[in-house]
Amino acid sequence: MDKGIEIARGKTKVLYEVPSSPDQLVVAQGDAITAGDGARRDEIPGKGRLAAQTTSRVFRLLNLCGLPTHFLNGGEDDDDNEMLVRRCSMIPLEVVVRGVAAGSFARRHTGLQRGAILVPRVTEFFLKDDANHDPLIAPEEIAARGIASPNEIGAMSEIARLTFEILAHAWRHRDVLLVDMKVEFGRLIGGENQGQLVIADVIDNDSWRIWRHGREDQMLDKQIYRNLDPVDAEALARVKAAYEQVADYVGNFPAMRPGVAAIFVDDARMVDRANEVAAALHTFGIPTARHLASVTVTPGYVLQIVSQIEAGFARPIFVAIGDQTLRATLDGSASSPVIDGNDEPHRIALACAKLLAIDDSAMFGRVMLAQSNARSEMLRVDALLQQQLPPGAVIA
Ligand code: 5GP
């Protein structure tokens, strides 16, 4: 990659400027593995390659979901473990989301059974400060010290929670339990959306705890290294094997499984409605096919299209707009799901997205994000109502 001077060096990565683009950086991940704030340190040849692959594929998945990240491209192929990111000023916090009581949380909450499922998820902030072992910090303290504004703290919690749920979904499909996870945030320095909060740094096998089959004794993450005693070549080889397996699993995290919504209308006067439904589906990135076909006028054509669509590669969902006999015929002839197309377009799109999300983590993330945005919008308008302002007004 086209890189300029080194601008920062962490325990496991190096950041370089990009001479042609001041708004971008190159992040190169190395072979070091550390624990205990750097008190333990080893090199595992090839770890940087696995870490860059894992990070870039996790970020690619998050980008596909529509979450804001600093990731642009790279990290995956023969590119010296380097990825290209948007430059940001880092917020000196580690944001941890937990779905299972483990690690420092289990140590701090001795009354809780280790391994207990945490619902709702717990979000914690830690101040990045190696000398003081990254202490836990309360949101009020973050705001009081001017590290981040209350709005940013809320946004970081929500984005971190969505990230956790998306990665938990992806891991669940590989029979692996995501226990907890750490992310870091930055504010974009320049270019489009300057100042915007984005997920930054790296997210790799050092950043989470993951337990195969939900069993702690089958952990696959850096905790294996933290627990080593002694650290010898054979033990490091076991750590590397786990990292290889994780990079392999994460390999197809960003692979979307193609789906298609086949919208049937049985009356030419309903075509505009079909277009509205298609537009709502496109907001989730779901491709559509539209057909005018009627059970009473062109019954053979209805059945022919169903067969044709189901013979295709993409997973179909049928949307029936019009007479209930059309829906009943599709229900009786198609083996794929059929949805009532007479509902509100956004609800139809959401229902289709949820069906495709069952085995597509990017679509799952889009559903989560749409729901989160709908909640924020309700809260925003409610806040305006409390101030007796019109819904379009901007809160200062
Ligand atoms: P705990 O607070 O239980 O030690 O860690 C919670 C989660 O955050 C775990 O998934 C752990 O791997 C991650 N985490 C905590 N501190 C760090 C850190 O300094 N670096 C990285 N990469 N992950 C961390």
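The model shown is predicted, which means the values in this text are computed figures rather than measured ones.

What follows covers the site of the ligand. Lining the immediate surroundings of the ligand are 14 residues, of which Arg98, Ser104, Asp180, Arg209 and Arg226 lie closest. Within the side chain of Arg209, an N or O atom sits 2.9 Å from an oxygen atom of the ligand. Protein contact buries 80% of the 490 Å² of open area that the ligand shows by itself. If you list the elements that add at least two residues to the shell around the ligand, you get strand S9 (93-100), helix H2 (103-108), strand S12 (176-188) and strand S14 (208-212). The residue makeup of the shell around the ligand, split by class, is 3 nonpolar, 3 polar and 8 charged.

Now for the packing of aromatic side chains. Throughout the structure, instances matching the rule amount to 5 aromatic pairs. Each ring, one from Phe59 and one from Phe71, has its centre 6.1 Å from the other, and the planes form 10 degrees; the classification is stacked. On the criterion of sequence distance, the pair formed by Phe59 in helix H1 (residues 47-65) and Phe71 in strand S6 (residues 71-74) is long-range, its members being 12 residues apart. The same class applies to Phe59 as to Phe71, namely buried. An aromatic cluster is defined as three or more aromatic residues linked by ring pairs; in this entry it consists of Trp171, Trp208, Tyr249 and Phe253. If you follow Lys3 out to its NZ or CZ, it ends over the ring of Tyr16, 5.1 Å from the centre. Arg40 extends its terminal NZ or CZ atom over the ring of Tyr225, reaching a point 5.6 Å from the ring centre.

On to the pattern of salt bridges. Charged atoms that come close allow side chains of opposite charge to pair. Scanning the model with the defined rule gives 32 salt bridges in all. Measuring nitrogen to oxygen at the nearest pair gives 2.7 Å for the salt bridge that ties Lys3 to Glu82. Linking Lys3 in the segment before strand S1 (6-9) with Glu82 in strand S7 (residues 82-86), this pair joins segments that are 79 residues apart in sequence. According to the relative accessible area criterion, Glu82 is buried, its value standing at 3%. Across the pair Arg9 and Glu6 runs a salt bridge whose closest N-O atoms are separated by 2.9 Å. You can call Glu6 partly exposed: its relative accessible area is 38%. Here the residues in one salt-bridge network are Lys13, Glu94, Lys128, Lys182, Glu184 and Asp201, joined through shared partners.

Domain assignment breaks the protein chain into domain 1 (6-250) and domain 2 (260-376). Between domain 1 and domain 2, the C-alpha centre-to-centre distance is 38 Å. Buried surface at the junction of domain 1 and domain 2, both sides included, amounts to about 1000 Å², of which 63% is carbon and sulfur. In this assembly, domain 1 and domain 2 are joined by 1 salt bridge. Notably, a salt bridge pairs Arg375 with Glu158, separated by 3.6 Å at the nearest N-O pair. Inspection of the domain 1/domain 2 interface yields 6 residue pairs in polar contact (both at pLDDT 80 or more). Listing elements by their share of the side of domain 1 that touches domain 2, those giving two or more residues are H1 and helix H4 (150-172). Among the elements that take part in the side of domain 1 that touches domain 2, H4 stands out by supplying 7 residues, more than any other. Of the residues in the side of domain 1 that touches domain 2, the class split is 7 nonpolar, 3 polar and 3 charged.

A separate point is the sheet that holds S7. The antiparallel open sheet is built from 5 strands, whose spatial order is S1-S2-S3-S7-S6. The open sheet has two free edges, formed respectively by S1 and S6, since each of these has just one partner strand. Between one strand axis and the next, the sheet turns through 25 degrees on average, direction left out of account. Where S1 lies against strand S2 (residues 13-17), 3 bridges are found, and the strand directions are antiparallel. Considered in S2, the bridge of Ala8 is made with Leu15. Against the sheet, H1 touches strand S3 (24-29), S6 and S7, its axis set at about 130 degrees to S6.

Of all hydrophobic cores here, the largest spans 74 residues; its most connected members are Met156, Phe185 and Trp208. With 11 residues, the top contributor of residues to this core is H4. Looking at which domains feed residues into this core, each of domain 1 (6-250) and domain 2 (260-376) gives three or more. Sequence-distant contacts of Met156, defined by excluding residues within four places in its chain, comprise Ile91, Leu93, Val95, Phe125, Ala148, Phe185 and Leu197. Listed in part, the 18 residues of the second largest apolar core include Val100, Trp211, Tyr225 and Ala242.

Quick look at the pairing of strand S4 (residues 32-35) now. Neither face of S4 is open: one carries Ala32 and Thr34, the other Ile33 and Ala35, and all of them are buried. The pairing of S4 with strand S5 (residues 40-43) spans 4 bridges and is antiparallel. Considered in S5, the bridge of Ile33 is made with Asp42. Hairpin connection, S4 to S5: the antiparallel pair is bridged by 4 residues, and Gly36 has positive phi, about 60 degrees.

Cut-off values and rules
Residues numbered from 1 in each chain as written. Predicted model: local features only at pLDDT ≥ 70, side-chain atom pairs only at ≥ 80, totals over all residues. Heavy atoms only, no water. Near = heavy atom within 4 Å. Polar contact = N/O pair within 3.5 Å; in protein donor to acceptor, adjacent residues only side chain to side chain. Areas by Shrake-Rupley, 256 points an atom, 1.4 Å probe, with all protein chains shown as cover. Helix = DSSP H or I, 4+ residues; strand = E, 2+ residues; numbered from the N terminus. Nonpolar A, V, L, I, M, F, W, Y, C, P; charged D, E, K, R; others polar. Phe/Tyr/Trp six-rings, centres within 6.5 Å; stacked < 30°, edge-to-face > 60°. Buried < 20%, exposed > 50% of the residue type's maximum accessible area, 1.4 Å probe, protein only. Lys NZ or Arg CZ within 6 Å of the ring centre and 35° of its normal. Salt bridge = Lys/Arg side-chain N within 4 Å of Asp/Glu carboxyl O. Domains from an automatic or database assignment. Buried area = accessible area lost by both parts, 1.4 Å probe. Pairing = 2+ DSSP bridges. Axes fitted to C-alpha atoms, helices over the stretch in contact; angles between N-to-C directions. Contact = heavy atoms within 4.5 Å. Core = buried A, V, L, I, M, F, W, Y, C linked by side-chain atoms within 4.5 Å.

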